[in-house]
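Okay, here's what each chain looks like letter by letter:
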Amino acid sequence: MDTRDLKRLLSGMSLREKIGQMIQLTGMYFDEEAVLTGTVGEVKPEEWVIRYAGSVLGMDGADKIRAVQEKYMEEHPHHIPLLFMADIIHGYKTIAPIPLGQACSFHPELVHEAAEYAAAEASSEGIKATFSPMVDVSKDPRWGRIMESFGEDPFLNGVMGIAMLEGYQGYGSIGGARIAGCLKHFAGYGAVNAGKEYNDVELSRRTFMEQYMKPFRMAVYADPAMVMTAFHAVDRTPVSKNRELLEEILRGELGFGGTIISDWGAIGQLEEQQVASGQKEAACAAAEAGVDIDMMSPAYMSHLEELVEEGRILESAIDRSVWRILQMKNRLGLFEDPFAGMKRSVCLSPAAKRGALRLACESCVLVKNEGILPLDPGQKVFWAGPYIDSREFLSRWAIFGEHADVETIETVLKGRKIPVKLIPGCEILSEEEMRIWCAGDGKPVEEGIQGDRKDVDWQKQYAGVEEIREDDTVVLVLGEHEAQSGEAASRAFLDLPERQAELFDMVARRTSHIVTVMISGRPLDLRRIAERSEAILLAWRPGTMGAQAIVRLIYGEESPSGKLAAGIPWCTGQIPVSYWDMTTGHRMSEADPGNRFCSRYMDIPNTPLYPFGFGLSYTEFEITPPQMRKEGAGEEERICVSCRVKNTGDSSGAEVVQCYVETICAPVVRPAKELIRFRKVFLEPGREREIEFAIERKEFVFYGEDMEPIDGGIPLRITVGNSSYNAAGSVDFTVGGSV
Ligand code: BGC
């Protein structure tokens, strides 16, 4: 529809029709007759709400979507189509690794491609918007939602967020098979205090603005259709009523022109946070702050009309919000075709599965290998652990994914005729743990997700362990349950589930040749496992093609190339820890490790067990120290950093060359270092490649003592290496000065 017609449409809408666009309800409220069922919190919405509600969340099934859309449009006075939205976080039916795993690939092109497949699949089934990507910087693995983020680094979150958004939305336009993306959760949710879900956030303004806002700042340039407000407060003002954040910073400074949607119930929750005396005040505060869509709270549907009639909210403000929503629908092509993109399902195509396999392979991180890997497919080995015959490689956020589409490791091994002895060993969680994690979706354990294994005689299974001899090699595939990460899944202990820890001990008593493959939604406390394993491969939650990826990597059909997007802590007490923690006085010096009067814990090392950016390969690489030159002058000044990377081993593989910047001396305390560029380079043995990173002057800007931007005259150091703790060399310079 052209802009003039769209404006005409808006001006013909009644106030209730307009407010309807600003209300989002779940699919549960619509039967195929589009008749309202259920309540929102305590409130049963009035009949008009369902007739005019602008968007629907989480409805599944093309037939139902089609039926609801038809009925709704028929009854809507202006025949405005509904927009169906859902959480497509790491795939629709073809499930890619969780976002944390995707970030470990350090390969944005693959992330982009996986998002394209997700968009095509979802769109073919009628879903035209996703609540993804999440770019919340997360350095606390107790937080269950670290699995949805791209890890601890602001720049990596930004790069991957852009890749995902562009995959969903397409470059420039979001027509055709594309879907609308939503950048979330604006902003700082990854810093919830003590990693506890839905907790508040206490960050200095500087850290918030510099590190936590950075990925949003970067990804807003990719023109997301929506931004979602987070639940928590920033500097004690909840985001959904934070005018400064939404109006001045997001819309003003960052120039975001799309739709702002609240998180689920976040507007209504202002009452619970005790910053609004009731739902009416909550609605008023959120509308004043510019939140366009109220997702699943009673506030807008019960009070916005009244607030406009009383003159507390101007109708022109409502018009601005509705205009943004209509524009989003228009960009998606819904006015021309309310079923835009819907066609015969394109789910689980061979190409989508190939993409998911490649991403799964590249997201696995090999953190330890004492020469035991890769295994020889002719060698007799044991594969043990609950994950060898399990399909649980998805996550709680793979809401449309089906376990039936996931192959097991056992099937893959048998399909390849690899001679192995299988010991499934034990269940993923004990009954007590199943209860704690509500793991059977509230169903009794035997009907829950582990139901298909209820007849297993555990004693008999453990009996297989007796066959292991001390020179045998055992691949143990262990890890968290799907229910242990995602939303509402914070953990205070980051150990293996108890039965699996027992199984590990039993095996470790018989042989030291253990390869541990870890399935998890977060960095776990791996120290004890690491001490007694000869190799560790972190596979995260690897998705539909996870089993194939693991087998390929273990048998060396491919070399691991993932790097940690979030460091593995030395123990839970070290959390939160990240490579970009602030520089301190009382710095611990390698020359004097026994010194107690420095910033440290006395009982553990100062560094994580495995740091950000770290990951091994089956081959070796050499990176040369960086060279540097400057281009341009003044605001146009660019720093060009170059180095060479060479595959010095005897198999092909990929290295991620990482470039970090640190300030040598500044008026304020700064992060020890920050990732500023990276490149994944695939090389055959003996081959080498020159890499150059061009960095704009503005990328070095940081806030000075009075929060004024400092954009030059500060001595800086660039290091290049293959992890945050392993530099091949460095070069010092000053922006605006000489090299
Ligand atoms: C989550 C969001 C999600 C929304 C809709 C909320 O509880 O925090 O990330 O998009 O639900 O499902």
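Since we're looking at a predicted model, the values are computed, not measured.

**A word on the site of the ligand**
Phase 1 of the analysis: Lining the immediate surroundings of the ligand are Leu-57, Asp-87, Phe-131, Arg-145, Lys-184, His-185, Met-228, Phe-231, Asp-263, Trp-264, Met-295 and Glu-487.
Phase 2 of the analysis: Between the ligand and the protein, one listed contact pairs an oxygen atom with a side-chain N or O atom of Lys-184 at 2.8 Å.
Phase 3 of the analysis: Here an oxygen atom of the ligand sits 2.7 Å away from a polar atom, N or O, in the side chain of Glu-487.
Phase 4 of the analysis: In the complex, the protein chains occlude 93% of the 310 Å² of accessible area that the ligand would expose alone.

**Considering the pattern of salt bridges**
Phase 1 of the analysis: The final tally for this structure, using the stated rule, is 51 salt bridges.
Phase 2 of the analysis: Here Lys-93 makes a salt bridge to Glu-402, at a shortest N to O gap of 3.1 Å. Of the two residues, Lys-93 sits in the loop between strand S3 (83-86) and helix H5 (99-104) while Glu-402 sits in the loop between strand S12 (381-384) and helix H16 (409-415), which places them 309 residues apart along the sequence.
Phase 3 of the analysis: With relative accessibility at 14%, the residue Lys-93 sits in the buried group.
Phase 4 of the analysis: The salt bridge partner of Asp-140 is Arg-142, with a shortest N-O separation of 2.7 Å. When sorted by exposure, Asp-140 lands in the same class as Arg-142, which is buried.

**A few points about empty space enclosed by the protein**
Phase 1 of the analysis: By the definition in use, this model includes seven cavities of 30 Å³ or more.
Phase 2 of the analysis: Approximately 130 Å³ is the volume attributed to the largest cavity.
Phase 3 of the analysis: Along the walls of the largest cavity sit 19 residues, with Thr-94, Ala-96, Ala-114, Ala-115 and Ala-118 positioned nearest its centre.
Phase 4 of the analysis: Per-element accounting of the lining of the largest cavity gives the leading share, seven residues, to helix H6 (residues 108-124).
Phase 5 of the analysis: Roughly 50 Å³ of volume is contained in the second largest cavity.
Phase 6 of the analysis: Lining of the second largest cavity is provided by Ile-65, Gln-69, Leu-82, Leu-83, Phe-84, Gly-126, Lys-128, Leu-334, Pro-338, Phe-339, Ala-340 and Met-342.

**Describing the environment of Thr-411**
Phase 1 of the analysis: Summarising the element assignment, Thr-411 is placed in helix H16.
Phase 2 of the analysis: Given the relative accessible area of 40%, Thr-411 is considered partly exposed.
Phase 3 of the analysis: As for Thr-411 and Ile-388, which are separated by 23 residues in sequence, their C-alpha atoms are 8.9 Å apart.

**Considerations on the domain arrangement of the protein**
Phase 1 of the analysis: Domain parsing of the protein yields domain 1 (357-564) and domain 2 (621-734).
Phase 2 of the analysis: Across the contact, five residues belong to domain 1 and nine residues belong to domain 2.
Phase 3 of the analysis: Of all residues in domain 1, the largest losses of buried area upon contact with domain 2 belong to Glu-362, Ser-561 and Lys-563, amounting jointly to 78% of the total for that side.
Phase 4 of the analysis: Taking the shortest distance from any N to any O, the salt bridge between Glu-655 and Lys-563 comes out at 2.8 Å.
Phase 5 of the analysis: Linking domain 1 with domain 2 are four residue pairs in polar contact (both at pLDDT 80 or more).

**Brief notes about the sheet that holds strand S21 (residues 674-683)**
Phase 1 of the analysis: Spatial strand order, S21-S20-S25-S26: four strands in an open sheet with antiparallel pairing. The open sheet terminates on both sides in strands that have one partner only, identified here as S21 and strand S26 (726-734). Each strand axis lies, on average, 20° off the axis of its neighbour in the sheet, ignoring direction.
Phase 2 of the analysis: Judged from the six bridges that link them, strand S20 (residues 653-663) and strand S25 (residues 715-723) form a sheet pairing that is antiparallel. Within S25, the position partnered with Glu-662 by the bridge is Arg-717.

**A word on the pairing of strand S6 (residues 226-229)**
Phase 1 of the analysis: Residues Met-226 and Met-228 of S6 are buried on one face, and the alternating residues Val-227 and Thr-229, pointing to the opposite face, are buried as well.
Phase 2 of the analysis: Of the strand pairs in this sheet, strand S5 (residues 182-186) and S6 are connected by three bridges, and their pairing is parallel. Bridged to Cys-182 within S6 is Met-226.
Phase 3 of the analysis: In terms of strand pairing, S6 meets strand S9 (residues 259-262) through four bridges, oriented parallel. The residue bridging Met-228 from the neighbouring strand is Ile-261, located in S9.

**Overview of the packing of helix H15 (residues 350-363) against helix H21 (residues 546-554)**
Phase 1 of the analysis: It is the contact of H15 with H21, at a shortest axis distance of 9 Å, that shows an interaxial angle of 50°. With respect to their mutual orientation, H15 and H21 come out oblique. The element H15 and its partner H21 pack so that their crossing is right-handed. Touching Leu-357, Ala-360 and Cys-361 of H15 are Gln-548, Ala-549, Arg-552 and Leu-553, all from H21.

**Let's talk about the sheet that holds S9**
Phase 1 of the analysis: The strand order across the open sheet built from three strands is S5-S6-S9, with neighbouring strands paired in parallel fashion. The outermost strands of the open sheet, each flanked by one partner alone, are S5 and S9. Direction aside, neighbouring strands of the sheet carry axes that sit 25° apart on average.
Phase 2 of the analysis: Against the sheet, helix H10 (residues 243-253) makes contact with S5, S6 and S9, and its axis sits at roughly 145° relative to S9, the strand it touches most.

**With respect to the nonpolar core**
Phase 1 of the analysis: The biggest cluster of nonpolar side chains holds 175 residues, and the ones touching the most others in it are Leu-25, Phe-186, Tyr-300 and Leu-538.
Phase 2 of the analysis: If you tally residues by element for this core, the top one is helix H7 (residues 154-169), at eight residues.
Phase 3 of the analysis: Residues lining this core come from more than one domain, with at least three contributed by each of domain 1 (357-564) and domain 2 (621-734).
Phase 4 of the analysis: When residues no more than four places from it in sequence are discounted, the contact partners of Tyr-300 are Ile-19, Met-22, Ile-23, Ile-267, Ala-283, Ala-286, Ala-287, Val-291, Asp-292 and Asp-294.
Phase 5 of the analysis: One finds Met-434, Ala-539, Ala-547 and Leu-553 within the second-largest nonpolar core, a separate group that totals 40 residues.

**Brief notes about the environment of Val-641**
Phase 1 of the analysis: Counting through the fold element by element, Val-641 comes out in strand S19 (residues 638-647).
Phase 2 of the analysis: For Val-641, a relative accessible area of 0% corresponds to the buried category.
Phase 3 of the analysis: Between the alpha carbons of Val-641 and Arg-629 there is a distance of 6.8 Å; along the sequence they are twelve residues apart.
Phase 4 of the analysis: Each residue touching Val-641, except ones within four places of it in the same chain, is listed here: Pro-626, Gln-627, Met-628, Ile-691, Glu-692, Phe-693, Ile-695, Ile-718 and Val-720.

**Re the confidence of the model for the protein**
Phase 1 of the analysis: On average, residues of the protein score 94 in pLDDT, and 94% of them reach the 70 mark or higher.
Phase 2 of the analysis: Here residues 443-452 scores under 50 on pLDDT; set against residues more than four positions off or in separate chains, the count is 19 contacts.

Conventions used here
Residue positions are given per chain, counted from 1 along the sequence in the order it is written. Given that the model is predicted, a residue must reach a pLDDT of at least 70 before its local features are reported, and side-chain atom pairs must reach 80 or more before they are shown or counted; all residues, however, enter totals for whole chains, interfaces and linings. Only hydrogens and water are set aside; all other atoms, that is, all heavy atoms of the structure, feed into the side-chain values. Summary of the distance rule: residues count as near a molecule or strand when at least one heavy atom falls within 4 Å of that molecule or strand. Whenever a nitrogen or oxygen atom comes within 3.5 Å of another N or O atom, the pair is scored as a polar contact, on the condition that within protein one atom can donate a hydrogen and the other can accept it, and that pairs from neighbouring residues in sequence are kept only if both atoms are in side chains. Accessibility throughout is a Shrake-Rupley quantity obtained with a 1.4 Å probe, and a residue counts as covered only by protein chains that appear here. The term salt bridge refers to a pairing of a side-chain nitrogen on Lys or Arg with a carboxyl oxygen on Asp or Glu at a separation within 4 Å. Each helix corresponds to a stretch of at least 4 residues labelled H or I by DSSP, and each strand to a stretch of at least 2 residues labelled E; elements are numbered beginning at the N terminus. Exposure is judged per residue with a 1.4 Å probe applied to protein chains only, and the accessible area is read against the type maximum: over 50% gives exposed, under 20% gives buried, and values in between give partly exposed. Both site types are read off a 1 Å grid over the protein atoms alone. A 1.4 Å probe that fits but cannot get out defines a cavity, while an open set with protein on both sides within 12 Å along at least five of seven lines defines a pocket; lining residues have an atom within 4 Å of a point. Grid points are joined across faces, edges and corners, and a volume is the space filled by probe spheres set on the points. Domain borders in the structure are assigned automatically or taken from a domain database. Two residues form a contact once any of their heavy atoms are found within 4.5 Å. Two parts placed together each lose some accessible area; with a 1.4 Å probe, that loss summed over both constitutes the buried area. Whether two strands pair depends on DSSP finding at least two bridges between them. Only the contacting stretch of a helix is used when fitting its axis, a line to C-alpha atoms as for every element, and angles between N-to-C directions run 0 to 180 degrees. The scheme is simple: roughly parallel for angles under 35 degrees, roughly antiparallel for over 145, roughly perpendicular for 65 to 115, oblique for anything else. Note on convention: near helix rotated counterclockwise from far helix by under a right angle means a left-handed crossing. Clockwise means right-handed. Definition of nonpolar core: a set of buried residues of the types Ala, Val, Leu, Ile, Met, Phe, Trp, Tyr and Cys, connected through side-chain atoms within 4.5 Å. Residue-level confidence of the predictor, termed pLDDT, takes values from 0 up to 100.

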